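Take a look at the letters that make up each chain.
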Amino acid sequence: MKIGVFKFASCDGCQIAFFEISKELIKMDVDIQYFLEAQSENHFDHFDVSFVEGSISTPEQEERIKQIREKSKKVAVIGACAVSGGIQSVRNFMDFFDVLSSVYPSPDYIKSLEKSKPVSDYIDVDYELRGCPINKSQLLEIISSLYLGKELVLPSYPLCLECKIKGIPCVLILGKPCLGSITVAGCGAICPSFSRGCYGCFGPIKNPNIQSLKEVFEDHGFGDIYSHILTGFNAYNREFRGNDEKD
Amino acid sequence: MKKIKKTQINQLFEAVKNEYSVVAPVIKEGVISLDLITDISQIPSGFTEDEKGNSYKVAKSSDRFFSYSRPYLPFKRFIIPPEFVFMKVVKNDGRINFTEVIPDKKIALFDIRPCDLKALQILDDVFINKNSHPDSYYAKAREKLFIVAVTCFSPTENCFCSSMGISLKPEHGYDILITELKDSFLIRAGSEKGSKFLERIKAEEVSQTDLVEEEKTIKETEKKINKKVSTENLSQILYSQIDSKQWEKVGSKCLACTSCTQLCPTCFCFNIVEKNSTDGSYSERIRVYDSCFNPEFATVHRFNIRQSIASRYRQWLMHKFAYWTDQFGSYGCVGCGRCITWCPAGIDITEEIKKLREGYDNH
């Protein structure tokens, strides 16, 4: 099985999961053709599956992601940047030139797209691995499913179910702002297991009840925190970006 | 029936502990939860819950031993765990061998309240008695259970067990029943197993005064249960409201978070997933809790027949109060009120039923 691992606008953190499952990868006899963070000899030829970290943020990246799609049987996007546009997509809700000139003294040298967008805005995507960062077990699940030819099992239900399975009392009822009910499970309920609210790094479930949870936050008197935590890693996810931005 | 001093509860506990792993209420992460315990002092004596709508607080405010109400987690977790391997599959020399995992732990449910005791009987119907394909795992785990019930003198504001036909002092379904009086415990055996435990404890005779005190406390406690559901003709009425606009209204509020189904002592849905070793030589078949609020729950041949939250909420409520009666001859609700306390959106199932009933009355 020929694998490629690629990185776009991102922090490189999700790729670390490949090192964490390296022992399993060796057992499976996978052929890593392209992985700049891990090896010095790389071939851009043909891939059974390509893993893409990062959002599309520059004109070069837009071209490159299309080339990867052409060379790959399957494309899996990994992490909140590739899935939703990442924390850098917060700029999508501001004036691009204001942002650019506030960061760079000579913005003329910068070649950037106005918006940081998910990979799926440019190419067809076969699999999505959520999270900031991703969960290594889920990465292994994708690779081993493809390797063994078995059905891929990734949750689509909200984090609350994962909390209940683990027996963690609802942190929202106990008075902490938590996005668990609109966030997809799969992280292992890390934050609630330390009595902290979920801040949604795994991104939204399908058709999240955003309005109702907003009212719940208001009833608890959490102030304006709701819009702030939604404007995070997954701000530009299709479920969150707002009606005028759906396309 | 016997009477023991309050200090003797430890003897009873130790006797049970000698033969069983004991699951009992504990205080954990700021809530009355459930866990395996090894010492009677782990029971959260003196603590009481304050449950108003969907708010929850615990404080030390009582001198009674069984001062708190039912734990926030249901006992079902200790019969069918939320996630467990029930079959192991090994591939060896071209052959595939399946090994069933059978529960082997002898568990005592210590301090189970009448609502949860009734829930256990409902699960028995679902998995064994009224099931043409009895669930072998459940049946094995159930056989090994020892049940110490407690007469409930501490309902919360969200409890509505009396509407569901449940008395504060259960009549059957336990091995031992404890009723807490001011200065003593009354102890009844409900089975041969239970009787044997009682024989080992030095006890006093029960007086008429004790029984009067017991009866009086039950009567007083009944008055504290203010939340009600009118069950008269309920399933019929609900069927007539299947196209009610109320479903859309509650659907716009419901987060479909699944909490109600997970904390419900009778919800039993599960999914089966497979975990493989990466070389394909070994796999584990895992049974894991599922929920009708799971967006994928009603996906059949890749088409989801319950896409809207409204349709999922309707399925849940109708199942508890209408479909369940058709299938098992009882309601699938015991009025424990956990789904009210732990609903992040603040939905109260008794209020929803009231609105549906009003819809029926107005036509």
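Here, every reference points to the structure presented above.
Per-chain numbering applies: the sequence of each chain, read as written, is numbered from 1 onward. All chains are assigned letters beginning with A, and all ligands numbers beginning with 1, in the order in which they are written. The predicted origin of the model limits local features to residues at a pLDDT of at least 70 and limits the giving and counting of side-chain atom pairs to 80 or more, whereas totals for whole chains, interfaces and linings rest on all residues. Excluding hydrogens and water, the side-chain figures rest on all heavy atoms present in the structure.

*Asks:* What is the right way to read empty space enclosed by the protein from this model?
*Replies:* Residues and elements named next belong to chain B. Lining residues are defined by having an atom within 4 Å of a point belonging to a cavity or pocket. Those points lie on a 1 Å grid over the protein atoms alone, cavities being sets where a 1.4 Å probe fits but cannot get out and pockets being open sets with protein on both sides within 12 Å along at least five of seven lines. Grid points are joined across faces, edges and corners, and a volume is the space filled by probe spheres set on the points. Under the definition given, this model contains eight cavities of 30 Å³ or more. Estimated volume of the largest cavity: approximately 140 Å³. Lining the largest cavity are 15 residues, with C254, C260, Y313, C343 and I347 positioned closest to its centre.

*Asks:* So what exactly am I meant to see when it comes to the environment of S10(A) here?
*Replies:* All names here are of chain A. Looking at the secondary structure, you find S10 in the loop between β1 (2-7) and α1 (16-20). Burial here depends on accessible area, computed with a 1.4 Å probe over protein chains only, as a share of the maximum for the residue type. Under 20% is buried, over 50% is exposed, and the range in between is partly exposed. The exposure class assigned to S10 is partly exposed, which follows from its relative accessible area of 21%. Here the alpha-carbon distance between S10 and F97, two residues 87 residues apart in the chain, equals 21 Å. Between N or O atoms, a polar contact is any pair within 3.5 Å; within protein, one atom must be a potential hydrogen donor and the other a potential acceptor, and residues adjacent in sequence are included only when both atoms are from side chains. One polar contact links S10 to E53, side chain to side chain, over a distance of 2.5 Å. Secondary structure counts use DSSP, requiring at least four H or I residues in a row for a helix and at least two E residues in a row for a strand, with both numbered from the N terminus.

*Asks:* Got a minute to help me understand the sheet that holds β1(A) in this structure?
*Replies:* Two pairing modes exist for strands in a sheet, parallel and antiparallel, and in both the strands are linked by backbone hydrogen bonds. All names here are of chain A. Paired strands are those between which DSSP finds at least two bridges. Judged by pairing direction, the sheet is parallel, and its five strands sit side by side in the order β2-β1-β3-β4-β5 without closing on themselves. Looking at the sheet topology across the chains shown, the edges are occupied by β2 (31-35) and β5 (127-129). Across this sheet, the average inter-strand angle for adjacent strands is 20°, counted without regard to direction. Looking at chain direction, β1 and strand β3 (residues 47-53) are connected through five bridges and run parallel. Following the sheet pairing, V5 is matched in β3 by F51. Sheet contacts for helix α3 (residues 59-71): β1, β2, β3 and β4 (72-78); angle to β4, the most-contacted strand, approximately 130°. Whether two residues touch is decided by their heavy atoms; if any such pair falls within 4.5 Å, the residues are in contact. Throughout, an axis means a line fitted to C-alpha atoms (over the contacting stretch in the case of helices), and angles, computed between N-to-C directions, take values from 0 to 180 degrees. In the packing of helix α6 (residues 136-148) onto the sheet, contacts are made with β1, β3, β4 and β5, and the angle to β5 comes to roughly 155°.

*Asks:* Would you explain the sheet that holds strand β6 (residues 83-92) of chain B in this entry?
*Replies:* Residues and elements named next belong to chain B. Overall, antiparallel pairing links the four strands, which are arranged β7-β6-β13-β12 in an open sheet. Lying at the two open borders of the sheet, with one neighbouring strand each, are β7 (95-100) and β12 (270-276). Adjacent strand axes in the sheet meet at a mean angle of 20° when their direction is disregarded. Pairing of β6 with β7, which is carried by six bridges, proceeds in the antiparallel orientation. Residue pairing across strands places K91 opposite I96, the latter belonging to β7.

Function cannot be inferred from these measures alone, as they are strictly geometric.
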